[in-house]
Amino acid sequence: MILTVTMNPSVDIAYTMTGLTIDNVNRVQDVRKTAGGKGLNVTRVLKQLNADVVATGLLGGVLGDAIKNELTSDGIQHDFWSISGATRNCIALLHDGAQTEILESGPVIQESEAEAFIKHLKKLADQADILSFSGSLPKGLPTDFYHQMISACPNKPVVLDCAGDSLVQVLNKKNKPQLIKPNIEELSVLLGRTVTTQIADLKAALSQPLFADIEWIVVSLGANGAFAKHFDTFYRVTIPTIDVVNPVGSGDATVAGMTAALVEGLSDEALLKQGNVLGMLNAQEATTGYVQLEHYQTLYEQIKVESV
């Protein structure tokens, strides 16, 4: 079983509009509401892969109930920990070919709720083959909370997709995830310098002591594919050009593919291809966290993975 963890979920609301006028009435043409948060995007793609997946994290209030109801309706197993605060909304205004986002920060987590969730996580993790942690931490949780979660499940492989101080805290502590997936901008921030897409520069970046004992580091390069390090082997991943409809959630779809590949024991090449295929398939859809698997093999055969 794959256990996905989303600590700061949301109800994602997309308003489609002909235009946006500040300080005036704006009419909405279409509304789409979905259970959101990076970990839930991962969960939905894993479900489409027919993986045995359970979603957990923190939920509260009527929006938390709405998320649970949607997951149940979609046939997705879940076991969230209830909190006193209210789960947030995240609003995207789609107008004039642009996307303007209005993001609530979410609830403030009490110390007792954080401690209770760690115990809850340990029980769920006992039944899991691998854990996938994604997204930001809500207010009230310390920046080392991902490290606390990893430490609470010491014998379980972890795929971690987060950024900033939360990732730094993990990298500077003893217990490590099996795989991390920064994009090149996040990698640059981690190292305090601009990392280019040149192979030599990427090799030097991923060889820094900060990444010691991380088995897999997969760096997203957007339209330029990806660059990866598995133990001491480096890979360049080249992807075909596609028509992008909505890139939001593509990194999450990539995480889903690589997590499933780790559970299945796939080869390095297959893991990198599966992750990138699903990321591209997500980018070709308007709905976040959705892929059309009938196009999987065509894209899979166009991806090139080479040791460099």
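Above this text is the structure in question.
Residues numbered from 1 in each chain as written. Predicted model: local features only at pLDDT ≥ 70, side-chain atom pairs only at ≥ 80, totals over all residues. Heavy atoms only, no water.

**Student:** Looking at this structure, I do not really get the side chain of His-120. What am I missing?
**Tutor:** Among the structural elements, His-120 can be located in helix α3 (residues 111-125). We classify His-120 as buried; its relative accessible area is 10%. Apart from the residues within four sequence positions on either side, His-120 is in contact with Thr-56, Asp-79, Phe-80 and Trp-81. (Helix = DSSP H or I, 4+ residues; strand = E, 2+ residues; numbered from the N terminus. Buried < 20%, exposed > 50% of the residue type's maximum accessible area, 1.4 Å probe, protein only. Contact = heavy atoms within 4.5 Å.)

**Student:** Is there a simple way to think about the pairing of strand β1 (residues 2-6) in this case?
**Tutor:** The side chains of a regular strand alternate between both faces of the sheet. Buried residues dominate β1, accounting for five of its five residues. Of the two faces of β1, the one holding Ile-2, Thr-4 and Thr-6 and the one holding Leu-3 and Val-5 are both buried throughout. Pairing of β1 with strand β4 (residues 53-59), which is carried by five bridges, proceeds in the parallel orientation. From the neighbouring strand, Ile-2 faces β4, where its bridge partner is Val-53. (Pairing = 2+ DSSP bridges.)

**Student:** Looking at this structure, I do not really get the pattern of salt bridges. What am I missing?
**Tutor:** Oppositely charged side chains are able to pair whenever their charged atoms sit close together. Scanning the entire structure with this criterion turns up seven salt bridges. A salt bridge links Asp-252 to Lys-38; its shortest N-O distance comes to 2.7 Å. Residue Asp-252 is located in helix α8 (residues 250-264), and its partner Lys-38 is located in helix α1 (residues 38-48); the two are separated by 214 residues in the primary sequence. A residue is classified by how much of its surface remains accessible, and Asp-252, at 3% relative accessible area, is buried. Between Asp-65 and Lys-68 there is a salt bridge, with the nearest N and O atoms lying 3.8 Å from each other. Here the residue Asp-65 and the residue Lys-68 both occupy positions in helix α2 (residues 61-73), the gap between them amounting to three residues, near one helical turn. Classification of Asp-65 by relative accessible area gives partly exposed; the value is 40%. Taking the relative accessible area as the measure of exposure, Lys-68 reaches 22% and is therefore partly exposed. Each of Lys-38, Asp-161 and Asp-252 takes part in a single network of salt bridges with overlapping partners. (Salt bridge = Lys/Arg side-chain N within 4 Å of Asp/Glu carboxyl O.)

**Student:** Help me out: how do you make sense of the state of the cysteines in this one?
**Tutor:** Here, the word disulfide means a covalent bond between the sulfur atoms of two cysteines. All chains considered together, the criterion is met by zero disulfides. We note that Cys-90 lacks a disulfide partner, and the nearest cysteine sulfur, in Cys-162, lies 17 Å from it. What makes Cys-90 buried here is its relative accessible area of 9%. (Disulfide = S-S within 2.5 Å.)

**Student:** Even after reading the chapter, I still don't get the environment of Lys-203, so can you show me in this structure?
**Tutor:** Within the element layout of this structure, Lys-203 appears in helix α7 (residues 199-206). For Lys-203, a relative accessible area of 27% corresponds to the partly exposed category. Residues Lys-203 and Tyr-235, 32 residues apart in the sequence, show an inter-C-alpha distance of 9.5 Å. Excluding residues within four positions of it along the chain, Lys-203 makes contact with Phe-227, Phe-234 and Val-308.

**Student:** Sorry if this is basic, but what is going on with α1 here?
**Tutor:** Spacing of three or four residues puts side chains on the same side of an α-helix, whose turn is 3.6 residues. In terms of burial, α1 is a largely internal element, eight of the eleven residues being buried. Buried within α1 are the following residues: Gly-39, Leu-40, Asn-41, Val-42, Thr-43, Arg-44, Val-45 and Leu-46. Positioned one or two residues after α1, Asn-50 has a phi angle of 65°, which is positive.

**Student:** Can you help me understand the packing of α3 against helix α4 (residues 145-152) in this one?
**Tutor:** The angle between the axes and the distance between the axes are what describe a pair of packed helices. Where α3 meets α4, the axes come as close as 9 Å, and the angle between the chain directions of the two elements is 35°. The hand of the α3/α4 crossing is right-handed. For the pair α3 and α4, contact is made by Ala-114, Phe-117, Ile-118, Leu-121 and Lys-122 and by Phe-145, Gln-148, Met-149 and Ala-152, respectively. Classifying every residue of the contact of α3 with α4 by side-chain character gives seven nonpolar, one polar and one charged. (Axes fitted to C-alpha atoms, helices over the stretch in contact; angles between N-to-C directions. Left-handed = near helix turned anticlockwise from the far one by under 90°. Nonpolar A, V, L, I, M, F, W, Y, C, P; charged D, E, K, R; others polar.)

**Student:** Sorry, what's going on with the sheet that holds strand β7 (residues 88-95) here?
**Tutor:** Pairing is mixed across the open sheet formed by four strands, whose spatial order is β3-β2-β7-β8. One side of each edge strand has no neighbouring strand; the edge strands of this open sheet are β3 (30-36) and β8 (98-103). Neighbour-to-neighbour, the strand axes of this sheet turn through a mean angle of 20°, independent of strand direction. Bridge count between strand β2 (residues 10-16) and β7: seven bridges; the pairing is parallel. Note on β7: the bridge partner recorded for Val-11 is Asn-89. Relative to β3, α2 is tilted by about 85°, and along the sheet it contacts β2, β3 and β7.

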